[in-house]
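Structural features, examined
So the chains spell out like this:
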Amino acid sequence: MNTTPPRNRGGRPAQVTREQIVTAAIDLLDAQGLDALTMRALGAHLGVAAMSLYRHVPGRDAVLSAIVNRLVADALTGLDPGPTWTEAVTGFATAYRRMLLAHPHAVPLLATHPVDVETALPLLRGVLGRFTAAGIAQDDALITIQSVGVYVLGHALAQVGTPPGAEEAGPPDPAARQYYDHWFTTGLNALVTGFQHQYGDPAAPARPTA
């Protein structure tokens, strides 16, 4: 995606927007990794002076938080929760994992920068509604969703992470991907089944899809 802002007739770059900054930051993160994402590099990527970015974001930490919120919103917007809470939380896990695997350099970032509550709760309204319909308290529902989210994130770290001192991972091996998919499905089913027993819900958990 080309995030370079258009130039005006005088040859000077047009003022960038906050949305352009976040999009460019994700592009840079995907291409070069978290360590390469500096305000100077982000400005160069956009074709503007780094100092001009501070008109829209107070600093690098704010950019990182904005990336997290954008990626989570991209993953969960339009999520169909299905008819039951087990299907809802399984769909959430599957969508979250799909986003993480599409942005492997963002996985460590999401592990250290939680999404803003104000961003997450509206996106999870449908999922939470399935818990409410089953008579499960919202506090319990949130604990379930958070626990599943941590499982998904930890599993993604195991799948895409590179051990210290090791070379950057190459293209994904199909056999390895199949193994991780099976591991993910088995672990998620066990986790959802555990909450299911806790809530006294006899419905079988939905099987996730990769």
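Thresholds, definitions, all that
- Residues numbered from 1 in each chain as written.
- Predicted model: local features only at pLDDT ≥ 70, side-chain atom pairs only at ≥ 80, totals over all residues.
- Heavy atoms only, no water.
- Helix = DSSP H or I, 4+ residues; strand = E, 2+ residues; numbered from the N terminus.
- Expected span 1.5 Å × (residues − 1).
- Buried < 20%, exposed > 50% of the residue type's maximum accessible area, 1.4 Å probe, protein only.
- pLDDT = per-residue confidence, 0-100.
- Contact = heavy atoms within 4.5 Å.
- UniProt positions renumbered as here; feature names shortened; annotations may be inferred.
- Salt bridge = Lys/Arg side-chain N within 4 Å of Asp/Glu carboxyl O.
- Core = buried A, V, L, I, M, F, W, Y, C linked by side-chain atoms within 4.5 Å.
- Domains from an automatic or database assignment.
- Axes fitted to C-alpha atoms, helices over the stretch in contact; angles between N-to-C directions.
- Parallel < 35°, antiparallel > 145°, perpendicular 65-115°, else oblique.
- Nonpolar A, V, L, I, M, F, W, Y, C, P; charged D, E, K, R; others polar.
- 1 Å grid on protein atoms, 1.4 Å probe; cavity = no way out; pocket = protein on both sides within 12 Å on 5 of 7 lines; lining within 4 Å.
- Points joined across faces, edges and corners; volume = space filled by probe spheres on them.
- Phe/Tyr/Trp six-rings, centres within 6.5 Å; stacked < 30°, edge-to-face > 60°.
- Lys NZ or Arg CZ within 6 Å of the ring centre and 35° of its normal.

Looking up the protein in an unreviewed UniProt entry gives the name TetR family transcriptional regulator, with the organism given as Bailinhaonella thermotolerans.

1. Things to note about helix H5 (residues 85-102)
Look at H5: 26 Å from first C-alpha to last across 18 residues, which is about the 26 Å you get at 1.5 Å a residue. Most of H5 sits out of view: 15 of its 18 residues are buried.

2. A look at the environment of Gly78
Topologically, Gly78 is positioned in the loop between helix H4 (60-76) and H5. Of the residues examined, Gly78 reaches a relative accessible area of 74% and is grouped as exposed. Distance from Gly78 to Leu123, taken between C-alpha atoms, is 8.3 Å for residues 45 residues apart in sequence.

3. A look at the confidence of the model for the protein
Detail in the predicted coordinates should be disregarded across regions flagged by low pLDDT. Averaged over all residues, the pLDDT of the protein is 88; the fraction at 70 or higher stands at 84%. Under a pLDDT of 50 for its full length, residues 6-10 has, in the predicted model, six contacts with residues more than four places off or in other chains.

4. Some details on the UniProt feature "DNA-binding region" (unreviewed entry) in the protein
The residues that UniProt annotates with the feature "DNA-binding region" (unreviewed entry) are residues 38-57. Helix makes up 60% of residues 38-57 and strand 0%. Its end C-alpha atoms lie 13 Å apart.

5. Overview of the pattern of salt bridges
Evaluated as defined, the whole model comprises three salt bridges. A salt bridge links Arg177 to Asp181; its shortest N-O distance comes to 2.9 Å. One end of the pair, Arg177, and the other, Asp181, are both in helix H10 (residues 174-199), four residues apart, so they sit about a helical turn from each other. Under the relative-accessibility criterion, Asp181 is labelled buried at 17%. The structure contains a network of salt bridges with shared partners spanning Arg97, Arg177 and Asp181.

6. A few points about the nonpolar core
Within the largest apolar cluster, 53 residues are counted, with the highest numbers of intra-cluster contacts made by Ile67, Leu100 and Leu110. Broken down by secondary-structure element, the contributors of at least two residues to this core are helix H1 (18-32), helix H2 (39-46), H4, H5, helix H6 (107-112), helix H8 (125-133), helix H9 (138-160) and H10. Residue assignment places this core across two domains, with domain 1 (15-57) and domain 2 (67-162 + 172-199) each supplying three or more. Each residue touching Leu110, except ones within four places of it in the same chain, is listed here: Val68, Leu71, Val72, Tyr96, Met99, Leu100 and Leu153.

7. A few points about the packing of H1 against H2
As a packed pair, H1 and H2 sit with axes 10 Å apart at the nearest point and diverge in direction by 105°. When the axes of H1 and H2 are compared, the pair comes out roughly perpendicular. Packed against H1, whose contacting residues are Gln20, Ile21, Ala24, Ala25, Asp27 and Leu28, the element H2 presents Ala41, Leu42, His45 and Leu46 at the interface. The class makeup of the residues in the contact of H1 with H2 is seven nonpolar, two polar and one charged.

8. Re the layout of surface pockets
The calculated volume of the second largest pocket comes to roughly 560 Å³. If you trace the second largest pocket, you find 21 residues lining it, with Phe92, Val115, Ala120, Leu124 and Gln146 closest to the centre. At the level of secondary structure, the elements contributing two or more residues to the lining of the second largest pocket comprise H4, H5, H6, helix H7 (117-123) and H9. Among the elements that take part in the lining of the second largest pocket, H9 stands out by supplying six residues, more than any other. Residues that form the lining of the second largest pocket fall into these classes: 18 nonpolar, three polar and no charged.

9. Describing the packing of aromatic side chains
Following the criterion strictly, the structure yields eight aromatic pairs and no others. Judged by centre distance (5.8 Å) and plane angle (20°), the rings of Phe92 and Tyr96 are stacked. Taken together, the residues Phe92 and Tyr96, both in helix H5 and four residues apart, mark about one turn of the helix. With respect to class, Phe92 is no different from Tyr96; both count as buried. Ring centres of Phe195 and Tyr199 lie 6.1 Å apart, and the angle between their planes is 25°; this geometry places the pair in the stacked category. Taken together, the residues Phe195 and Tyr199, both in helix H10 and four residues apart, mark about one turn of the helix. On the basis of relative accessible area, Phe195 is assigned to the buried category, the value being 11%. Sitting over the ring of Phe184, Arg97 keeps its end group 4.5 Å from the ring centre.

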